[in-house]
Each structure stands twice: as C-alpha cells, then as structure tokens.
Number of protein chains: 2
Amino acid sequence: MKLYDFARAPSPRMVRIFMAEKGVEMETVQVDLMTAEQMGAAFAEKNPWLTVPVIELDDGTCISEISACCRYLEETHPEPPLMGRDAKEKAVVEMWNHHMFQEGFMAGAEALRNSAPPMKGRALAGPHNFEQIPDLAERGKARLGHFMTDLDARLGESKYVAGENYSVADITALVTVDFAGWVKVAPEDGHTNLKRWHEEMNARPSAKA
Amino acid sequence: MKLYDFARAPSPRMVRIFMAEKGVEMETVQVDLMTAEQMGAAFAEKNPWLTVPVIELDDGTCISEISACCRYLEETHPEPPLMGRDAKEKAVVEMWNHHMFQEGFMAGAEALRNSAPPMKGRALAGPHNFEQIPDLAERGKARLGHFMTDLDARLGESKYVAGENYSVADITALVTVDFAGWVKVAPEDGHTNLKRWHEEMNARPSAKA
C-alpha cells in the first residue's frame, strides 16, 4: 500500500492526519504539484482526476479523493473510530464533515484557484481546463469568512465539530482553517471558541502530519 | 422517523430512490421550496442549512445532507448494500459517488442557481446570501457537458458507475442526468453507453421515487 502525497498540499494532509490518528503508516510517494507532475501520463494512470491524495492498494487499485481514502482506512483500521461509532453518530459525522468540506475547504479552493497566477486556466482541479473567474475568488473569501464565524458558533455549543467525540470533521476543519491563511482569511479576535479548539487540535501529535 | 422532502427537487429524490432500493418507508413531510418554506424559522430549527432532504429521528436528531441521510439508512438497513460490500468496494463507491456529486450534481446546481431569475441573490443554498455570477452559470453548463462525456466513457468499461454492483453512485448519477435537463444539458447522440445505462436505471421501480 502506498500514499501518493505532496507534503505542502492541504488535501493529502487530511489523509496524513487521519492516518496518524489511527497509527497507520505506509510508503509515501511525493507527487510534485509545483512542476505539475500530477498532470503527467504516469500519474494519470493512477488517478485520471489528477489529484493527490491517492492510496494505491497492493492489488493495484487506486483510491482517490480524501473521503474515499479515509473510508478505506476507517474500514481496515476501525480503531479509534473517526467516522462515528453507531448509525446515528456516523450520519452526524458525515453531515458535519460535508459542511466543513463544502463550505470551508471548497470555498478556500475557489478563492485560491480563481486568483493565484500559477492557476490561470486551471481554476478547477481535474482533467478539464477552466479559466479563472475573479468574482468567484471574492465569493470564496467571503464564504471562508462565514465559515469561520459559523464554526466558532458551533464550537461554542460542542467540544468537537461533530459532537462529543473527535472525528474526521475536526480534521477537515483544521486543515481548512490553516489553508484559509493562503488567501489571507483567519479566525477573528472574537472567535474565542474557534481559537480554543484550534489550539487543542494543533496540540495533537497528528497535526504535524 | 420522518423525511422532510420536496417532491420536485432533485436532492431529496436521491434519498427517496435510496429508500426505495432498500424497501424503507417513512412518513414524509413536504417542505414547499416554491414558497421558500425552507427559509422559515420552523424549518431552520430542523436544519439550519435550510435544505431538504432531512431525516428526523424519533429522538429529534435531524440528519441533513444527502450523503448523511444515505449513511444513516445504509447503517440501519444494510441490505441490499448500496455503499459497498467490503473495505475496497466501500472506498471505490465513495470515490465514484464523490465525482458524480461534485462534477455532476454540483455543476448542475451551479448552472441553475447562477442563472434562474427566482434564485437572484440566492446563488448558494444555505443561510448566507450570494449574488449570481453569470460566468459561473456558463461554467456549470460546460462542466455538465464534460460530465456526460466522461460518464459515457466510464459506462463503456463498467456495468454500473462504481463497478459490477449497483450503488449510491448510480443514484447520484441518475438524478444528475435528469436534473441537467433543467439547464438544457442532455446526453448526446453518441453517448450510447450512457443511454444504455440511463434506460436500465429508469426501468428500476426505484426511479419513480
């Protein structure tokens, strides 16, 4: 089993943190996104969507997308559970993780990819090219602002994002909060709940993954 | 247990098809999206993200978002499995379902919400208002075109979207193909694999859900 990774990218960091929380180690292959190695023919055979992370199983099956990599690890290494303990908790974790990803991480990607000069003509990851839309970069930044405020409110009523237990939703949120800094959005002074949680998350050894 | 639903909307249709495939029935409450009932205070207590579908459990817990509703049903009604049978298949189904949702369904939502006059000022679902971005409507339509072509290629190599077994990825893809018609994107004459699969999907009793 191998993880196709890029140390500086936020998406594979989510899977690395997930692995660290489970105590899973595997061979890692760096795919250099700075030289567009993920766009080359060799990597496209592993993942036609041209993204990291990818977990390649020993039989050659390649699992791409963060949520799918995490699902594989959760099923093969159930302890500690990071995607819920019973049917209700699994659904609640999925709900919160969906919101962290769509309203946080995707907003950050929208902001970055529609404004960064190296991503001109590549405003979406994947095999198809799209031009940047400057209004979408602005919308992404505005969404990230709402994300921080809404997450602060949530963490005023809940120890972790999805409830009483640490879960994949905390991992998605942590990586998103750090990633938001790339487009200069950060927790505000008044976000005391978010800051309390962010310090706790960063104190876990997995945060360094 | 109750499903908050709107018969004409594509998102809750995914959950209705999922339920029909499992043989699950539950009380259904129609939330009238045409009169913005989902924006009212009563519904916001059920789902602060102001969307259907929502499954309300008997203890009052409300599960919103399609993927979370399906996760709950999969865990409580495992047969027939619609999200994979073993760790590898679960991951592969998650990977394909992710692509159907992000590249298909979200592209359709992007196209519709950024162009339809009733959605002016409401280009994203949820509690925050965003203006329409016309370029994003165009991008959404272009993405749906790629989605059809890419799905046709996939269905040339695989009986179902995620492999040899019918899964939630087929449900997401079916609803997306039908939803694309709302913004006048449809399978093309040459998409023979996609058409073969679409006919098979529509022949299943669940398609009427």
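For clarity, every value in this text was computed on a predicted model and none was experimentally measured.

Visitor: Can you walk me through the overall build of chain A in this structure?
Guide: Of the regular secondary structure elements, chain A holds 7 helices and 4 strands. Counting from the amino terminus, helix and strand elements in chain A follow one another as β-α-β-α-β-β-α-α-α-α-α. A compact globule built from 209 residues should have a C-alpha radius of gyration of about 17 Å, and chain A, at 17 Å, falls within 12% of that. Taken over the C-alpha atoms alone, chain A extends approximately 50 × 40 × 30 Å along its principal axes. Taking all contacts inside chain A whose residues are at least 6 apart in sequence as the whole, residues at least 24 apart take part in 64%. Of the roughly 9,000 Å² of accessible surface on chain A, a fraction of 53% belongs to carbon and sulfur atoms. Distance between charge centroids for chain A: 2 Å, based on 23 positive and 32 negative side chains.

Visitor: How should empty space enclosed by the protein be read in this particular structure?
Guide: Here the idea is plain: a probe the size of a water molecule rolls over the atoms and shows the empty space left. Scanning all chains against the criterion turns up 3 cavities of 30 Å³ or more. Approximately 500 Å³ is the volume found for the largest cavity. What lines the largest cavity is a set of 29 residues, and nearest its centre among them are Ser67(A), Glu94(A), Ser67(B), Glu94(B) and His98(B). For the lining of the largest cavity, the elements supplying multiple residues, two or more each, are α3 (66-76), α4 (87-113) and α6 (168-180) of chain A together with α3 (66-76), α4 (87-113) and α6 (168-180) of chain B. There is about 40 Å³ of room inside the second largest cavity. Every residue lining the second largest cavity is listed: Arg71(B), Met83(B), Lys90(B), Val93(B), Glu94(B), Asn97(B) and Val168(B). The biggest single contributor to the lining of the second largest cavity is α4(B), with 4 residues.

Visitor: Explain the sheet that holds strand β2 (residues 27-30) of chain B to me, please; I cannot follow it from the model alone.
Guide: Within a sheet, neighbouring strands are paired by backbone hydrogen bonds and run either parallel or antiparallel to one another. Residues and elements named next belong to chain B. The 4 strands are arranged β2-β1-β3-β4 in an open sheet whose pairing can be described as mixed. Each edge of the open sheet carries a strand with a single partner, namely β2 and β4 (62-64). Pairs of neighbouring strands in the sheet enclose a mean axial angle of 25 degrees, with direction left out of account. Note: strand β1 (residues 2-5) against β2, 4 bridges, orientation parallel. Paired with Tyr 4 across the bridge in β2 is Val 29. Along the sheet, α3 makes contact with β3 (54-56) and β4, crossing β4 at roughly 125 degrees.

Visitor: Is there a simple way to explain the sheet that holds strand β4 (residues 62-64) of chain A in this structure?
Guide: Residues and elements named next belong to chain A. Taken together, 4 strands build an open sheet; the order of strands is β2-β1-β3-β4 and the sheet is mixed. Of all the strands in the sheet, the pair left with one neighbour each is β2 (27-30) and β4. When strand polarity is set aside, the average angle formed by the axes of neighbouring strands in this sheet is 25 degrees.

Visitor: Hey, could you run me through the interface of chain B and chain A in this one?
Guide: Often, the extent of an interface is quoted as the loss of accessible area upon association of its parts. Taken together, the contacts link 40 residues of chain B with 40 residues of chain A. Roughly 3,700 Å² of surface becomes buried between chain B and chain A when both sides are summed, with 68% attributable to carbon and sulfur atoms. Our count for the chain B to chain A interface comes out at 4 salt bridges. Across the salt bridge formed by Glu75(A) and Lys90(B), the nearest N and O atoms sit 3.3 Å from each other. Our count for the contact surface shared by chain B and chain A stands at 18 residue pairs in polar contact (both at pLDDT 80 or more). Taken together, the elements giving at least two residues each to the side of chain B that touches chain A come down to β4, α3, α4 and α5 (134-157) of chain B. Take the side of chain B that touches chain A: its biggest share by element is 14 residues, from α4(B). Counted by class, the side of chain B that touches chain A contains 18 nonpolar, 10 polar and 12 charged residues.

Visitor: Just checking my understanding: could you explain the domain arrangement of chain A for this structure?
Guide: All names here are of chain A. Each domain of chain A was delimited in the assignment, giving domain 1 (2-76) and domain 2 (87-208). Here domain 1 and domain 2 have C-alpha centroids that lie 20 Å from each other. Tallying the contact residues gives 16 residues for domain 1 and 19 residues for domain 2. Taking both partners together, domain 1 and domain 2 bury about 1,400 Å²; carbon and sulfur atoms supply 70% of that area. Looking at the side of domain 1 facing domain 2, the largest losses of area belong to Arg 13, Met 14 and Glu 21, adding up to 39% of the total buried there.

Calculation rules
Residues numbered from 1 in each chain as written. Chains lettered and ligands numbered in written order. Predicted model: local features only at pLDDT ≥ 70, side-chain atom pairs only at ≥ 80, totals over all residues. Heavy atoms only, no water. Helix = DSSP H or I, 4+ residues; strand = E, 2+ residues; numbered from the N terminus. Rg over C-alpha atoms; globule rule 2.2 N^0.38 Å. Contact = heavy atoms within 4.5 Å. Areas by Shrake-Rupley, 256 points an atom, 1.4 Å probe, with all protein chains shown as cover. Lys, Arg positive; Asp, Glu negative; His and termini not counted. Charge placed at Lys NZ, Arg CZ, Asp CG, Glu CD. 1 Å grid on protein atoms, 1.4 Å probe; cavity = no way out; pocket = protein on both sides within 12 Å on 5 of 7 lines; lining within 4 Å. Points joined across faces, edges and corners; volume = space filled by probe spheres on them. Pairing = 2+ DSSP bridges. Axes fitted to C-alpha atoms, helices over the stretch in contact; angles between N-to-C directions. Buried area = accessible area lost by both parts, 1.4 Å probe. Salt bridge = Lys/Arg side-chain N within 4 Å of Asp/Glu carboxyl O. Polar contact = N/O pair within 3.5 Å; in protein donor to acceptor, adjacent residues only side chain to side chain. Nonpolar A, V, L, I, M, F, W, Y, C, P; charged D, E, K, R; others polar. Domains from an automatic or database assignment.

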